[in-house]
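# Chain and residue survey
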Amino acid sequence: MRSGLPIMLAVTALLLLTFVVPSRSIAIEPESSLGVVYADGRATEDVPLYRVDESTKEYYLSAYDLARIFRATKFWRPGARKLALRIGQRRYLFTIDTRVVMVDEETCLLHVPVRYVEGDVMIPLVFIPLGLAARDEGGLDYDSSRLLLVVGSPRYNVESITFLNDESGSKAVISLTEELLYHVDSETPGLLRIKIYGGKLNPRKFTISEPRGLFNRVRAEQTSHDSYLFFDVSGSARRFRVNVEPDRESGKYNLVIYLEKGELPEIPDADFSPRRMVEIFEESERKVGPLKLVAIDPGHGGIDRGKIGASGVMEKDVNLQVALMLADALRERLGVDVILTRSEDVLVPLDKRAEIANSAGADIFISLHCNGWFHPEANGVETFFLAPARTEDEVRLANEENLSLKYENPSMSSREVSEIQFILWDMVQNEYISESSELAEIVQQELGSRLGIRNRGVKQAGLKVLKGLKMPAVLVEMGFLSNPEEEHLLTTYEFRMKVVNAIVDAIIKFQERYATAGG
Ligand SMILES: [Zn+2]
């Protein structure tokens, strides 16, 4: 009897707690947790991680937790479906159902989109390595295999490296938080070695594997006392000069390595204009107006037959027939005008396709294709938007679809065609990337849920046909012609109608979102 009272009290307390403690707004159960260790004295914590999408294994964390970890200022505009976090000196702008995160004026692409679940914005965990650690935000140390994050621990005094190129040569600007001594040698021809005494840097951030002007490559090493930077220098660099220059704006120092092409009378002054700050939500102005004109692009045509199925079905024919059905459905159901990049069996160059859509002033662009692979088992539907390819499969597809270029320009080698990939990345117009990513999500959602074939998800790739378009644009791979079952499906009216209805409904949803998002 004596022990009865404490137990009852404990039970009552428990019951009270269950009702009083506000539960997190997320309806889904956490699947794992991220261990967060703080160097600023805050208590170590486990932050819940969620799987938001059945289609992907990627973990997500709540924007609420992310903001707290990084002491970020939050700006949330539900109408525009945008969340901005000010972390350190940078502004990160997330848009729901989009993979693109705007970092000031740059874009950062994630593998999976930001989601909105039960009142909470969910941020893919990969944002921490790709968005924050890659920019050395808050001195992060992130271990993806152990799901462990150390915030603010390593105090780097060698912060970043940037490159500037002009006709006289190239320079690498290394930002130092304090004035440090250095030593340069170039005993090995073509290799410049710089030791920074007492330097502390994040080697990953300083490792550059593609050429930047006269710098071919950069490798960094960190010892317990000093930092080393190894510059692989182009043969056309005639001389080098290294200087430490105070940066009055920031109170920091710049270690500048000049590489010059020839004998020049003067070494140009370093240009350290302060970074332009962007006002919050500057780009939240709507880029998508009410839809009036939709461009439909049936892939391939003429001598470029595209993929060919085992029983001889040609991609160029499927693409055109579905495109014509889609055009009718859009006119009827949406009352919009439609422009086709081709309406018969002819070869239209990839550049020309973008030009047709641009000069007509199309509001969105839908390119229709069929997939193919060596193994007949490969199957499913996927939607692409223009962005650098992230996976081998995305690279493969971009190469294959860009092969149309070979028909336009028979002298072009496959290698040249595949190099277009890299050129494309430079040319990606960031302006519509967010909208394209969102359109791709909606289109793929509709296709994936209705076609009854495997949902391969949204992909990103450097697709030539989407380049230069001044509107949101996606490319749909409706199914695999190399898969006998799908080859058959692609010839049936029912399956084609499902594709058409899915795309029309997706366009309606896309339009509604932008209509309600306001200006
Ligand atoms: Zn194709």
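Here the structure is shown first, and the text comes after it.
Described below are features of the structure shown in this document. Bear in mind that the values here come from a model prediction, so they are computed numbers and not experimental data. (Residues numbered from 1 in each chain as written. Predicted model: local features only at pLDDT ≥ 70, side-chain atom pairs only at ≥ 80, totals over all residues. Heavy atoms only, no water.)

### Remarks on the overall build of the protein
As a reminder, the rule being used: Each helix is a run of DSSP H or I of at least 4 residues and each strand a run of E of at least 2, with the numbering of both proceeding from the N terminus. Exposure is judged per residue with a 1.4 Å probe applied to protein chains only, and the accessible area is read against the type maximum: over 50% gives exposed, under 20% gives buried, and values in between give partly exposed. Two residues qualify as a contact provided that any one of their heavy atoms is within 4.5 Å of a heavy atom in the partner residue. Areas reported as accessible are Shrake-Rupley estimates using a 1.4 Å probe. Residue values count occlusion only from the protein chains shown.
The secondary structure content of the protein amounts to twelve helices and 26 strands. Among the 519 residues that make up the protein, the fraction classed as buried is 50%. The long-range fraction of contacts in the protein, counting pairs at least 24 apart against all pairs at least 6 apart in sequence, stands at 65%. When the accessible surface of the protein is split by element, carbon and sulfur atoms take 52% of a total near 24900 Å².

### A closer look at the sheet that holds strand S15 (residues 182–185)
Put simply, the rule is: In this scheme, strands are said to pair when DSSP sees at least two bridges between them. Note on definitions: angles span 0 to 180 degrees between N-to-C directions of axes, and those axes are lines fitted to C-alpha atoms, for helices only across the stretch in contact.
On the basis of which strands lie adjacent, the open sheet formed by four strands has the order S15-S16-S18-S17 and antiparallel pairing. Strands at the two margins of the open sheet, each flanked by one partner only, are S15 and strand S17 (215–222). Geometrically, the sheet is characterised by an average inter-axis angle of 15° between neighbouring strands, direction not taken into account. Strand direction decides the pairing type here: S17 and strand S18 (residues 227–233), joined by seven bridges, are antiparallel. Across the sheet, the residue bridging to Arg 217 is Asp 232, located in S18.

### Focus: the nonpolar core
Stated formally: By convention a nonpolar core is built from buried Ala, Val, Leu, Ile, Met, Phe, Trp, Tyr and Cys residues, the set being connected through side-chain atoms within 4.5 Å.
Counting residues in each nonpolar core, the largest one holds 49 residues, and the members touching the most others are Ile 296, Leu 330, Ile 366, Leu 368, Leu 447, Met 478 and Ile 503. Mapped by element, the contributors of at least two residues to this core are strand S7 (100–103), strand S21 (293–298), helix H5 (315–334), strand S23 (364–371), strand S24 (381–386), helix H10 (433–450), strand S26 (473–480) and helix H12 (493–517). Here this core takes ten residues from H12, the largest share from any one element. Within the second largest apolar cluster, 37 residues are counted, among which are Leu 34, Val 47, Val 114 and Val 121.

### Notes on the environment of Arg 135
In this fold, Arg 135 is placed in the loop between helix H3 (127–132) and strand S11 (141–143). Taking the C-alpha atoms as reference points, Arg 135 and Glu 159, 24 residues apart in sequence, are found 9.8 Å from one another.

### A short note on the sheet that holds strand S22 (residues 337–340)
Pairing is mixed in the open sheet, where six strands are placed in the order S22-S21-S23-S26-S24-S25. Each of the sheet's edge strands pairs with one partner strand only, and the pair in question is S22 and strand S25 (455–461). With direction set aside, neighbouring strand axes in the sheet form an average angle of 25°. Both S21 and S22 contribute to a ladder of four bridges, which runs parallel. Of the residues in S22, the one forming a bridge with Ile 296 is Leu 340. Contacting S23, S24, S25 and S26, H10 crosses the sheet at an angle of about 175° to S24.

### What about helix H11 (residues 484–491)?
Turn by turn, an α-helix covers 3.6 residues, leaving residues three or four places apart pointing in a common direction. Selection rule: This arc corresponds to the set of directions leading from the helix axis out to the C-beta atoms. Two N or O atoms count as a polar contact when they lie within 3.5 Å, although within protein this holds only if one can serve as hydrogen donor and the other as acceptor, and sequence-adjacent residues are included solely when both atoms are side-chain atoms.
Listing the buried residues of H11 in full gives Glu 486, Glu 487 and Leu 490. The buried residues of H11 occupy one face: seen down the axis, they fall within an arc of 105°. Facing away from the buried surface of H11 by more than 90 degrees, the exposed residues are Glu 485 and His 488. At the N-terminal end of H11, a side-chain oxygen is found 3.0 Å from the backbone nitrogen of Glu 485, two or three residues along, and the residue is Asn 483.

### Details of the side chain of Arg 99
Position of Arg 99 relative to the elements: it lies in the loop between strand S6 (90–95) and S7. In this structure the side chain of Arg 99 is engaged in a polar contact, spanning 3.2 Å, whose partner is the side chain of Glu 441. Look past the residues within four positions of Arg 99 in its chain and what remains in contact with it is Cys 108, Leu 109, Leu 110, His 111, Val 112, Pro 113, Phe 385, Ser 437, Glu 441, Val 458, Lys 459 and Gln 460.

### Details of the packing of aromatic side chains
Working definition: an aromatic ring pair is given by the centre-to-centre distance plus the angle between the planes. Defined as follows: Planes of paired rings set the category: under 30 degrees apart is stacked, over 60 is edge-to-face and the rest tilted, where pairs are Phe, Tyr or Trp rings (Trp by its six-membered ring) whose centres lie within 6.5 Å.
Under the counting rule described, the total for this entry stands at seven aromatic pairs. On the numbers, 5.9 Å between centres and 20° between planes, the contact of Trp 76 with Tyr 116 is stacked. Taken together, the residues span a long stretch of sequence, with Trp 76 in strand S4 (residues 73–77) and Tyr 116 in strand S9 (residues 115–117) at a distance of 40 residues. Look at Tyr 116 and you get partly exposed, because its relative accessible area is 44%. Ring centres of Trp 373 and Phe 374 lie 4.9 Å apart, and the angle between their planes is 50°; on these two criteria the pair is classed as tilted.

As far as function goes, none of this settles anything; it's purely spatial.
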